[in-house]
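# Close look at the chain arrangement
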Amino acid sequence: MRALVFEGPGDVRFKEVPVPEISSDEVLIRTTYAAVCGTDAHMLDGAFPAKRGIVMGHEASGVVEAVGSRVTHVAPGQPVVASPIVVCGSCKPCRSGRYNICGLRRHLGIEADGVYAEFFKLPGYSVYAAPDELDPKEAALVEPAAVGYHAVCRAAPTPSETVVIIGDGPIGLFILESVVAFGAQRIIVSGHRKRRLDLARELGADRVVRPPEEDLKAIVMEETDGTGADLVIEAAGRAETIGESVHLARSAARIMMVGIPGEPIPFDFIDLVRREVDLLTSDASLYATELPHELVAKRILDARPLITHTFRFDEAVDAIHASKGQDAIKVLISFDGI
Ligand SMILES: [Zn+2]
Ligand SMILES: [Zn+2]
């Protein structure tokens, strides 16, 4: 089969590789759509370390091609959603249902063969039957939707709260849709790209802010009678925005960290402690307990407005480059006709 293989920064190639062999607990999936993630572009730039020689990509929808003898919950021909992680199943986080932070977890497309190929395989526990109404294009975005939704489940906004979301990337936008689903009195989204901020407004942001032209802290204070936000969700992962998040939160507020910075960050811990601001974190997602695919199918988490481009599989390298464009939000790769 054809696969897009990561050989190192700046070096990805189409290769002929064997169709993955499955064990009794695994599922072989024929890829329908894959979606490009920021991680793919960062791997290409050398900014995100990944295993060399692996098939890239971790966001995809597909149809079951074959199942191992012990897999009974899906069958060949079934459209499915893929949670792109492999975990140990026996460590304490796994046993307590927190398998997303399994110490032995491996991510498809980063540490294990991924989805930019005609077929990919996963353990049965990472494969979910797609609801009938779930469009295969939207199904390819369940993974980033799940990452945003998981963070919001952990932060648990309430309808009386003012929530600030920093970051207008796909995760930031799915966080916004999740906060809207939970209910919040006021939602402020901060970002840099006009197209994404316009979309944030359509998706339910009460106010959008574009630093540095606009002063985020001044606007948050203005919107909260000078007290600060009840919940700040940081999904940009930049040193300045992580540092600033403390100063946007009111005393006894919560800060949820989702973005991962590439460098050490200056952070005002004294202010955090003195004002009893709770610092929360979120990594990857939980499908088994949070059912993000059902929310995408029902368009409570609506993936459609985030899809800006679709490329054929043989144009996958162009797709990764296109994902960095000013107008791109999510770029899909179609395997229909390869
Ligand atoms: Zn991703
Ligand atoms: Zn584990």
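Owing to the predicted nature of the structure, the values given are computational and were not obtained by experimental measurement.

Moving on: the sheet that holds strand β13 (residues 207–209). With parallel pairing, the six strands of this open sheet are ordered in space as β13-β12-β11-β14-β15-β16. Of all strands in the sheet, those bounded by a partner on one side alone are β13 and β16 (278–281). Each neighbouring strand pair of the sheet contributes to a mean axis angle of 20 degrees, computed without reference to strand direction. Pairing geometry for strand β11 (residues 162–166) and strand β14 (residues 229–234), over four bridges, is parallel. Each residue of the ladder has a partner; that of I165, found in β14, is I233. Seen against the sheet, helix α5 (residues 170–182) touches β11, β12 (186–190) and β14 and runs at an angle of roughly 165 degrees to β11.

Here the focus is the domain arrangement of the protein. With domains assigned, the protein is organised as domain 1 (2–141 + 303–334) and domain 2 (147–281). One C-alpha centre belongs to domain 1, the other to domain 2, and the line joining them spans 29 Å. The largest per-residue losses of area from domain 1 upon contact with domain 2 belong to L306, Q326 and I329, which jointly make up 45% of the total buried on that side. The interface formed by domain 1 and domain 2 contains zero salt bridges. One can count four residue pairs in polar contact (both at pLDDT 80 or more) joining domain 1 with domain 2. The class makeup of the residues in the side of domain 1 that touches domain 2 is six nonpolar, four polar and four charged.

Below, the discussion takes up the side chain of E223. Structurally, the position occupied by E223 is in helix α7 (residues 216–223). Only 2.7 Å separates the side chain of E223 from the side chain of R207, close enough to count as a polar contact. Sequence-distant contacts of E223, defined by excluding residues within four places in its chain, comprise R186, I188 and R207.

Take the coordination of the zinc ion (ligand 1) next. The protein atoms donating to the zinc ion (ligand 1) are C37 (SG), H58 (NE2) and E59 (OE), with metal-donor distances spanning 2.1 to 2.5 Å. We note that the donor set of the zinc ion (ligand 1) lies within a single chain, spaced as C-x20-H-E. The buried category is assigned to H58, whose relative accessible area is 7%. The class of E59 is buried, set by a relative accessible area of 1%.

Moving on, we get to the pairing of strand β17 (residues 307–312). For a regular strand, side-chain orientation follows a simple rule: the groups alternate between the two sheet faces. Bridging between β17 and strand β18 (residues 330–334) involves five bridges; their strand directions are parallel. Counted as the bridge partner of H309 is V331 from β18. Read from β17 through helix α12 (residues 316–322) to β18, the crossover connection turns out right-handed.

Ideal geometry at a metal centre: 109.5 degrees between donors when four sit tetrahedrally, and 90 or 180 degrees when six sit octahedrally. Of the protein atoms, only C88 (SG), C91 (SG), C94 (SG) and C102 (SG) coordinate the zinc ion (ligand 2), at distances of 2.3 to 2.4 Å. Between consecutive donor residues of the zinc ion (ligand 2), the sequence gaps follow C-x2-C-x2-C-x7-C. Accessibility expressed as a relative area gives 12% for C94, which makes it buried. Its relative accessible area of 3% is what places C102 among the buried residues.

Looking now at the packing of aromatic side chains. With the rule as written, the count across this model stands at four aromatic pairs. Here the aromatic rings of F14 and F313 are separated by 5.3 Å at their centres, their planes lie at 85 degrees, and the arrangement is edge-to-face. Note that F14 is positioned in strand β2 (residues 11–16) and F313 in the loop between β17 and α12, a separation of 299 residues in sequence. When its relative accessible area of 26% is taken as the criterion, F14 is described as partly exposed. Here a set of aromatic residues connected by ring pairs shows up, and it is made of F14, F313 and F335. Seen from the ring of F14, R2 lies directly overhead, with NZ or CZ sitting 4.3 Å from the centre.

About the cut-offs
- Residues numbered from 1 in each chain as written.
- Chains lettered and ligands numbered in written order.
- Predicted model: local features only at pLDDT ≥ 70, side-chain atom pairs only at ≥ 80, totals over all residues.
- Heavy atoms only, no water.
- Pairing = 2+ DSSP bridges.
- Helix = DSSP H or I, 4+ residues; strand = E, 2+ residues; numbered from the N terminus.
- Axes fitted to C-alpha atoms, helices over the stretch in contact; angles between N-to-C directions.
- Contact = heavy atoms within 4.5 Å.
- Domains from an automatic or database assignment.
- Buried area = accessible area lost by both parts, 1.4 Å probe.
- Salt bridge = Lys/Arg side-chain N within 4 Å of Asp/Glu carboxyl O.
- Polar contact = N/O pair within 3.5 Å; in protein donor to acceptor, adjacent residues only side chain to side chain.
- Nonpolar A, V, L, I, M, F, W, Y, C, P; charged D, E, K, R; others polar.
- Donors = N, O, S within 2.8 Å, 3.2 Å for Na, K, Ca; no water.
- Buried < 20%, exposed > 50% of the residue type's maximum accessible area, 1.4 Å probe, protein only.
- Right-handed = clockwise from strand over helix to strand, strands pointing away.
- Phe/Tyr/Trp six-rings, centres within 6.5 Å; stacked < 30°, edge-to-face > 60°.
- Lys NZ or Arg CZ within 6 Å of the ring centre and 35° of its normal.

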